[in-house]
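# Fold and geometry: a report
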Amino acid sequence: MFDRLAEQVAVLALTEASPGPWWRTAAAIEDAGSALAIRHGHGPIPEQHRDYVAVLQDRAGSTSLPAMAERIEDAAERGVRLVTVLDDDYPVNLRAIHDKPPFLWYAGTLSAADARAIAVVGTRGASDDGLRRARRLTAGLVEAGVTVVSGLASGIDTAAHLTALETGGRTLAVLGHGILRPVYPKENRGLAARIRSGGAVMSQFWLETPPQRTTFPLRNAVTSGLATGTVVIEASATSGAKMQARLALQHGKRLFLLSSLVDSEDWARKYARRPGVTVVKTIEDVLGGYSEKVTSGGGRRKPRVR
């Protein structure tokens, strides 16, 4: 019988003991089908993970299971829940990527509707035109029943989250720090609280992990993974949104670049020639990239977002 809490505790213990990147631990746990079996040396281990698991088991012996259970209990008292790669409600799109995290902490709700999700991302220092395009495209996605994913940063991310909420849609915000830390950036703390009622705020990090240079690229991977594709609204060559564009293609997701971005940025022009990339002029250019048919209300002329 599957004991969800006991398995979650074991997932946390194995993650803390990880000798390598956490995605390797996630893959070993998922393929073995049980974190408890790995932790206690029971059951067969898939051959491709045996050497890694042997080191993991040796390191995990000193990890306190009661301490991990206490983390879960303390988080729950603050409205934060845990989902792991062994749980049925682990986000389906995220499960499909190679570098998925072994767990997510989240505040709000998970929904099967989030299988229809698009990430909308861009620069923190957005122009007025960029913000307008982000709002227009996000409103079109919500109208089509799509969950909007972003990273809760200033600029484009903020516009996407706010528009999703204001138009009655769902949105998922992925943090670049632990979920029990004060929200960064500070000005989005109120927005994060609103998102809990209209989607979920999520983090793949330990509960009190501070924002660091290394955490934001990992955040971008999860933001890409949660969605079926990523739309980049406005981004320079050094933007984290450009990094997410690369990650989306590595994950086998669709990448959508606004035509205005392609016109203005050399990196976007180069990406536009790659397989799996669509240059966007209207919302239909994004909706048409779904693997399943998406409709968005009648035969009205679709707004241009470029």
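Every value quoted in this text rests on a predicted model; they were computed, and no experiment measured them. (Residues numbered from 1 in each chain as written. Predicted model: local features only at pLDDT ≥ 70, side-chain atom pairs only at ≥ 80, totals over all residues. Heavy atoms only, no water.)

In terms of regular secondary structure, the chain is built from 14 helices and nine strands. Its C-alpha atoms give the chain a radius of gyration of 20 Å, within 12% of the compact-globule value 19 Å for 306 residues. Taken over the C-alpha atoms alone, the chain extends approximately 60 × 40 × 35 Å along its principal axes. Looking at the chain residue by residue over its 306 residues, the buried ones come to 55%. Surface accessibility of the chain: about 13,300 Å² in total, with carbon and sulfur atoms responsible for 50%. When the 39 positive and 31 negative side-chain charges of the chain are each reduced to one mean point, those points stand 9 Å apart. (Helix = DSSP H or I, 4+ residues; strand = E, 2+ residues; numbered from the N terminus. Rg over C-alpha atoms; globule rule 2.2 N^0.38 Å. Buried < 20%, exposed > 50% of the residue type's maximum accessible area, 1.4 Å probe, protein only. Areas by Shrake-Rupley, 256 points an atom, 1.4 Å probe, with all protein chains shown as cover. Lys, Arg positive; Asp, Glu negative; His and termini not counted. Charge placed at Lys NZ, Arg CZ, Asp CG, Glu CD.)

To continue, consider the sheet that holds strand β2 (residues 103–108). Taking strand neighbours across the sheet as the criterion, the nine strands line up as β1-β2-β6-β5-β4-β3-β7-β8-β9 in an open arrangement whose pairing is mixed. Only two strands of the sheet have a single neighbouring strand rather than two, namely β1 (81–84) and β9 (277–280). Direction aside, the axes of adjacent strands within the sheet are offset by 25 degrees on average. This element, helix α10 (residues 215–225), spans β2, β3 (117–121), β4 (147–150), β5 (171–174) and β7 (229–232) of the sheet and lies at about 160 degrees to β5. (Pairing = 2+ DSSP bridges. Axes fitted to C-alpha atoms, helices over the stretch in contact; angles between N-to-C directions. Contact = heavy atoms within 4.5 Å.)

All right, on to the nonpolar core then. Counting 56 residues, the largest nonpolar core has L12, I29, V80, W105, V149, L152 and I179 as its most contacted members. Top element by residues in this core is helix α1 (residues 4–16). It accounts for six residues. Residue contacts for L12: discarding those within four places in its chain leaves M68, I72, L82, F103, W105 and W206. Membership of the second largest hydrophobic core comes to 34 residues, among which are A159, A268, Y271 and I283. (Core = buried A, V, L, I, M, F, W, Y, C linked by side-chain atoms within 4.5 Å.)

To continue, consider the side chain of T209. Tracing the sequence through the fold places T209 in the loop between β6 (199–203) and α10. Here W206 takes part through its backbone oxygen, which lies 3.0 Å from a polar atom of the side chain of T209. Aside from chain neighbours lying at most four places away, what touches T209 is H177, G178, R181 and T215. (Polar contact = N/O pair within 3.5 Å; in protein donor to acceptor, adjacent residues only side chain to side chain.)

With that settled, consider the environment of Q244. Mapped onto the secondary structure, Q244 falls in helix α11 (residues 240–250). Given the relative accessible area of 2%, Q244 is considered buried. Considering only alpha carbons, one finds Q244 and V231, 13 residues apart in sequence, at a separation of 9.6 Å. Excluding its chain neighbours within four sequence positions, the residues that come into contact with Q244 are A119, V121, N220, T223, S224 and T230.

Another aspect to go through is the pattern of salt bridges. Taken as a whole and assessed by the stated rule, the structure comprises eight salt bridges. The shortest N-O distance in the salt bridge between E16 and R71 comes to 2.9 Å. With E16 in helix α1 and R71 in helix α5 (residues 65–77), this pair connects stretches of sequence that are 55 residues apart. Residue R170 pairs with D114 through a salt bridge whose shortest N-O separation is 2.8 Å. Separated by 56 residues along the polypeptide, R170 in the loop between α8 (156–166) and β5 and D114 in the loop between β2 and β3 bring together distant segments of the chain. (Salt bridge = Lys/Arg side-chain N within 4 Å of Asp/Glu carboxyl O.)

Next up on the list: the packing of α8 against helix α9 (residues 189–197). Across the interface, α8 lies against α9 with an axial gap of 11 Å and an inter-helix angle of 40 degrees. For the element pair α8 / α9, the angle class is oblique. In the packing of α8 onto α9, the handedness of the crossing is left-handed. Contacts between α8 and α9 pair T158, H161, L162, L165 and E166 from the former with L191, R194 and I195 from the latter. (Parallel < 35°, antiparallel > 145°, perpendicular 65-115°, else oblique. Left-handed = near helix turned anticlockwise from the far one by under 90°.)

There is a patch of like negative charges on the surface, built from E70, E73, D74 and E77. By secondary structure assignment, the location of E73 is in helix α5. (Patch = residues over 30% accessible without salt bridge, like charges linked within 9 Å, V, L, I, M, F, W, Y side chains within 5 Å.)

Before going further, it helps to examine the confidence of the model for the chain. Considering every residue of the chain, the mean pLDDT works out to 93; 94% of them sit at 70 or more. Here residues 291–302 is a poorly scored stretch, pLDDT under 50, and it has 17 contacts once near neighbours within four places are set aside; other chains count. (pLDDT = per-residue confidence, 0-100.)

Turning to the pairing of β5, a few remarks are in order. Burial along β5 is two-sided: the face carrying T171 and A173 and the face carrying L172 and V174 are both buried. Pairing between β4 and β5: three bridges, direction parallel. Each bridged residue has a counterpart across the sheet, and for S150 the counterpart in β5 is A173. With α8 bridging β4 and the parallel β5, this β-α-β connection has right-handed handedness. Strand direction decides the pairing type here: β5 and β6, joined by four bridges, are parallel. Considered in β6, the bridge of T171 is made with G199. For the crossover that starts at β5, traverses α9 and ends in the parallel β6, the hand is right-handed. (Right-handed = clockwise from strand over helix to strand, strands pointing away.)

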